[in-house]
Each structure stands twice: as structure tokens, then as C-alpha cells.
Amino acid sequence: MSFPEFPGPLFTDLYELTMAAGYFDRKMDDPATFSLFVRPHPRRSYFVAAGLQAVVDALTRFQFSDEEIDWLAQTGRFRREFLAHLATLRFTGDLMAMAEGEIFFPDEPVMEVTAPLIQAQIIETYLINTVGVASMMATKAARCVHAAAGRPLVDFSLRRTQGGHAGMAVARSSYIAGFKGTSNVLAGKTWGIPVSGTMAHSFVTAFESETDAFEAYADLFPDSAVFLIDTYDTLQGARAAATVGKRMRQKGRALQGVRLDSGDMIALSRQVRRILDEAGLPDVKIVASSGFDEYALERLITGGARIDAFGVGTRMGVSADAPYLDMVYKMVRLGVRDVRKISEGKITLAGEKQVFRDVAADGRYAGDVIGVRGETVSGAAALLKPAMENGRPVGPRPTLEAIRSGFAKNFERLDQRHKRLDDAQAYPVKISKRLGELQNKC
């Protein structure tokens, strides 16, 4: 399904437009290639590509409206001739990109744009924002999935994400990375992601007793009831849930689960499990929700918590330990000239590139090579594929389920030593001989 409406070409930094005006004034509009990549990050050993479909949709619809041109005119910054050029501007370039759900590593281009210079420059902000947020969240979610060791996870973060756009990106990116669903109803409608959620503490407090609240909910949702049991006293809540669960069983229904949202999750989950088992309800699942992230999940699981599934909220939804990626978009070729930046600590690689991945005999990823576009690396697969040509999408669009399945296969092939939450071993990435020689010429 399509993405929420593209905010338009004014979703950009002012200097993109002032540079574009400068290019127009000097009649500079040769084809330019820009690389989109992430610089090394102290808390991330790998990244998960996401956001490509939103980019393709946006570039396909790229067009300044009359209202936007009028607003730019009233700023007094731009000449009429340049604004007339913007009024007719469409994206006519090419986009090479890694598939969504692909694993990538620092300094590897996840996308390369080749387009007339003005077009390629103006879209910079949108690409960094869109791909950066989506990939950041897919990466965070992948780490949570890995830490959960097979236990289902649901995105509960919407109310505390950094705005509506981020909330939608989190729901989609976390689903790509292996979450089972989301509480975000709009994401469910937009992309068909399974939605999940039952009750909050306000529902329980609205009734005279927990038992009354649970019975009311079970009457309305007899096939999907999960009771929140920590509003007052968690163990008493578990006993009330067990009582209602047994009544449901007598009616031919089954209580699906109980939810913990506070307290010592390890101790409480063990005690609640005992209460449910003694009541003859061994199939009732224990769900835990809170501001979980990969570190909390790992602590609970290694600590022996009897938790069957998790609602993962705030710290995942804002990627609390790494709330931004240093994603950049740098010109690497203009016309027939390869270009690079050599600022201290921010050196870039000149030239149009390709990323090649070598796979070991056991199917695991063995290492990557960043090379020159057009070269080949024996036995290695090229990861950057055409996504747009001449401003039009290339090939059929993969479904979200296909993207999700692809990620699962990719992630399984990444060795455990590169997935560790702390002290992960760096994945080997090298530069091809041809690309190295090209740098020496710039």
C-alpha cells in the first residue's frame, strides 16, 4: 500500500534551495551522483535498510505546487527565472538502492542518486530524514528481536514517539525487523500490519472491581481477552484473572493472557505463572509491557522471567540509546569528474559505487567490498540495485511481508558475534583496488 502523503519539496533545508539557485545562475545542471551512507556509530555494529518505498513514492510525486512557488517568491530570496524553473521541475534521475530489510554497515552506500544537479541537491534533506529514521528504527527493532530470543514482540511505542511520522516509521520498521504487530491502528490500516492491544489501567479503574472489568472485557472480546493485572496488587489481579478465566472456560472460551506493566518482572512473572498453573490455566500467556529495549529484554530473559511475549514501548520507539544515525548524502561525481570530501574525520569516497557481499560455505556473511559501479567481485553479490530509472520506479514493488521475510533470512546469515549488544565484533568491509586507485586520482 502507498505511504502517507509526501509533504512536498519544501520539506528541505533552505540551503538546498540557495545552492540550487546558485547552480541555476551559473547554468550548472550536469548529472550528479550522491551517495547516502551512515558514518561509524559507537553503539551500532550493523544497520537495517528501510525507507526505500517511501523515497520512491516521494520522488515519483516530486513537484512544486503553485502555492509553494508563490510562497518562495514572497520570501524575496529567489529570482523569477529560478522559480519558473522550479515550477516545472520533476525528478528524472536514477536511484540505486539496497533492498529494504538488507543489512548494511558503516560507510557503505545504502543508496546512490544520479540526477541533474539541481534535482539531486534539493532531495537531500528528505532522503536523510526518511531513510535515516526508518533505518534507525529497523536497526533498534532488530536488536530487540535478537535479544528476545524467539519471544514475540509488539510495538507499543506510538504515544511517545517523536511525532506522527516517527510513529508510523516505527510501526513499519519494527514489523520489517520481526515484531509481530503494533498498537498503531493507522499503521494497521495503511500497511496491513497486525494490530494488538487490550486495555489500560483506566478501564480497570472505571469498574467497581478488577473482576467486573475483566468480565466486561471477556464478554465483549471472548476470543482475544488479555487482562491487565497490575492496577492495584499484581498477585491479587492474577487471582481475579484466573477466576474469570475459569468462568470463560466453562462457556467454551479461553483466556488468552494476562499483562504485567510494572514491578519486579522476574519475580512477579514467576508468581503469576504459579497462580495460573494452579488454577488449571497453563495455556494462559504472560505478557509484559513497559519501556523495554534490547538491554531490558536480555536482562529479563537471562534472569529467568516467565514471560511469553513483550509489548515494547518508549525506549525502542525513540531508539533511546542511539537516537540518531549520522547519515549523510555526499556528492561523489559531477559530470565526468569524480569528487570527494577530505575534511578531517569526514573523508568521503569518490565515484559511483557498488557494494559486494561475500558469503561463506555455511551461508553466513563473510565480508563486504565497496567497489566501483560496473566492476565485479568474484563470487560476491551486488547489493545496490536499480530502484528508479529516468524518474520512474523499476520493477514490481515487494510486499511488506516479502520485505519482512527477506530481513529474517538476511539477519540469520549475520554471525552472532556481529549481533552482540555489547562488544560486537566489527564486520569486515574493505575497499576494492579499483575504488582505492580512483581515490588517489581525486
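Bear in mind that the values here come from a model prediction, so they are computed numbers and not experimental data.

Quick notes on the rules
- Residues numbered from 1 in each chain as written.
- Predicted model: local features only at pLDDT ≥ 70, side-chain atom pairs only at ≥ 80, totals over all residues.
- Heavy atoms only, no water.
- Pairing = 2+ DSSP bridges.
- Helix = DSSP H or I, 4+ residues; strand = E, 2+ residues; numbered from the N terminus.
- Contact = heavy atoms within 4.5 Å.
- Axes fitted to C-alpha atoms, helices over the stretch in contact; angles between N-to-C directions.
- Buried < 20%, exposed > 50% of the residue type's maximum accessible area, 1.4 Å probe, protein only.
- Salt bridge = Lys/Arg side-chain N within 4 Å of Asp/Glu carboxyl O.
- Phe/Tyr/Trp six-rings, centres within 6.5 Å; stacked < 30°, edge-to-face > 60°.
- Lys NZ or Arg CZ within 6 Å of the ring centre and 35° of its normal.
- Core = buried A, V, L, I, M, F, W, Y, C linked by side-chain atoms within 4.5 Å.
- Polar contact = N/O pair within 3.5 Å; in protein donor to acceptor, adjacent residues only side chain to side chain.

### Considerations on the sheet that holds strand E18 (residues 392-393)
Spatially, seven strands are ordered E13-E12-E1-E5-E3-E17-E18 in an open sheet, and the strand pairing comes out antiparallel. At either end of the open sheet lies a strand with only one pairing partner, and these are strand E13 (337-338) and E18. Strand direction decides the pairing type here: strand E1 (residues 31-38) and strand E12 (residues 327-334), joined by seven bridges, are antiparallel. Looking at E12, one finds that Ser35 is bridged to Lys330. The strands touched by helix H2 (residues 52-60) within the sheet are strand E3 (94-97), strand E5 (111-116), strand E17 (385-389) and E18, with E17 carrying the most contacts at an inclination of about 20°.

### Regarding the pairing of strand E15 (residues 365-372)
The two faces of a sheet get side chains in turn, since along a regular strand they alternate between them. Counted residue by residue, E15 has seven buried out of eight residues, so it is predominantly covered. When strand E14 (residues 353-359) meets E15, the two strands line up antiparallel, connected through seven bridges. In the sheet register, Arg357 faces E15, and the bridge partner there is Asp368. In this structure, the hairpin formed by E14 and E15 is closed by a connection of five residues, where Gly363 is found at a positive phi of approximately 90°. For E15 and strand E19 (residues 429-431), the ladder comprises three bridges, and the chain directions are parallel.

### Quick notes on the pairing of E3
Where E3 meets E5, four bridges bridge the pair, whose relative direction is antiparallel. When the bridges of E5 are listed, Ala97 appears paired with Met111. Two strands pair when backbone bridges link them, and E3 and E17 are joined in this way by three bridges, in the antiparallel orientation. Each bridged residue has a counterpart across the sheet, and for Met96 the counterpart in E17 is Pro386.

### Focus on the sheet that holds strand E7 (residues 181-182)
Strand order across the open sheet formed by six strands is E7-E6-E11-E10-E9-E8, with parallel pairing between neighbours. The open sheet has two edge strands, E7 and strand E8 (226-228), and neither has a second partner. Pairing of strand E6 (residues 153-155) with strand E11 (residues 309-312), which is carried by three bridges, proceeds in the parallel orientation. Its bridge partner lying in E11, Asp155 is registered against Val312.

### Remarks on the environment of Leu281
Its location among the elements puts Leu281 in the loop between helix H12 (265-278) and strand E10 (285-290). Sequence-distant contacts of Leu281, that is, excluding residues within four places in its chain, are made with Ala242, Gly245, Lys246, Arg249, Arg273 and Leu276.

### What to know about unusual backbone geometry
You will see that Ala149, though not glycine, has its phi angle at about 50°, which is positive. Of note, Ala149 is situated in the loop between helix H6 (124-148) and E6. Despite not being glycine, Asn390 has its phi angle at roughly 55°, a positive value. Among the secondary structure elements, Asn390 is positioned in the loop between E17 and E18. Residue Asn390 is classed as exposed on the basis of its relative accessible area of 61%.

### Overview of the pattern of salt bridges
Taken as a whole, this structure holds 23 salt bridges when the rule is applied. With its nearest N and O atoms 3.5 Å apart, the salt bridge here joins Asp326 to Arg39. Residue Asp326 is found in the loop between helix H14 (314-317) and E12, and its partner Arg39 is found in the loop between E1 and strand E2 (47-48); the two are separated by 287 residues along the sequence. A relative accessible area of 11% places Arg39 in the buried class. In this structure, the salt-bridge partner of Asp261 is Arg259, at a minimum N-O distance of 3.7 Å. The class of Asp261 is partly exposed, set by a relative accessible area of 25%. For Arg259, a relative accessible area of 11% gives the class buried.

### Things to note about the packing of aromatic side chains
For the structure on display, the rule yields 15 aromatic pairs. Ring plane angle 80° and centroid distance 6.1 Å describe the contact between Phe11 and Tyr126, whose orientation is recorded as edge-to-face. One end of the pair, Phe11, is in the segment before helix H1 (14-25); the other, Tyr126, is in helix H6, and 115 residues separate them in sequence. Residues Phe203 and Tyr217 carry aromatic rings whose centres are separated by 5.8 Å and whose planes lie at 85° to one another, so their mutual orientation is edge-to-face. Taken together, the residues span a long stretch of sequence, with Phe203 in helix H9 (residues 201-205) and Tyr217 in helix H10 (residues 210-220) at a distance of 14 residues. Members of the aromatic cluster, each reached through a chain of ring pairs, are Phe203, Phe207, Tyr217 and Phe221. When the ring centre of Tyr175 is taken as origin, the NZ or CZ atom of Arg404, which lies over that ring, is 4.2 Å away.

### Thoughts on the nonpolar core
Formed by 126 residues in total, the largest nonpolar core has its most connected members in Leu86, Phe214, Phe227 and Phe310. Of the residues forming this core, the biggest block, twelve residues, is contributed by H6. Apart from residues no more than four positions distant in its own chain, Phe227 is found in contact with Met199, Phe214, Tyr217, Ala218, Ala241, Val244, Met248, Leu255, Gly257, Val258 and Arg259. Core analysis: the second largest hydrophobic core is formed by five residues, Ile370, Val372, Leu435 and Leu438 among them.

### Comments concerning the side chain of Arg259
Considering the arrangement of structural elements, one finds Arg259 in strand E9 (residues 257-260). Within the local environment of Arg259, its side chain forms a polar contact with the backbone oxygen of Met199, the two atoms lying 2.5 Å apart. With residues near it in sequence (within four places) discarded, Arg259 still touches Phe156, Thr198, Met199, Ala200, Val226, Phe227, Leu228, Ile229, Asp230, Val287 and Ser289.

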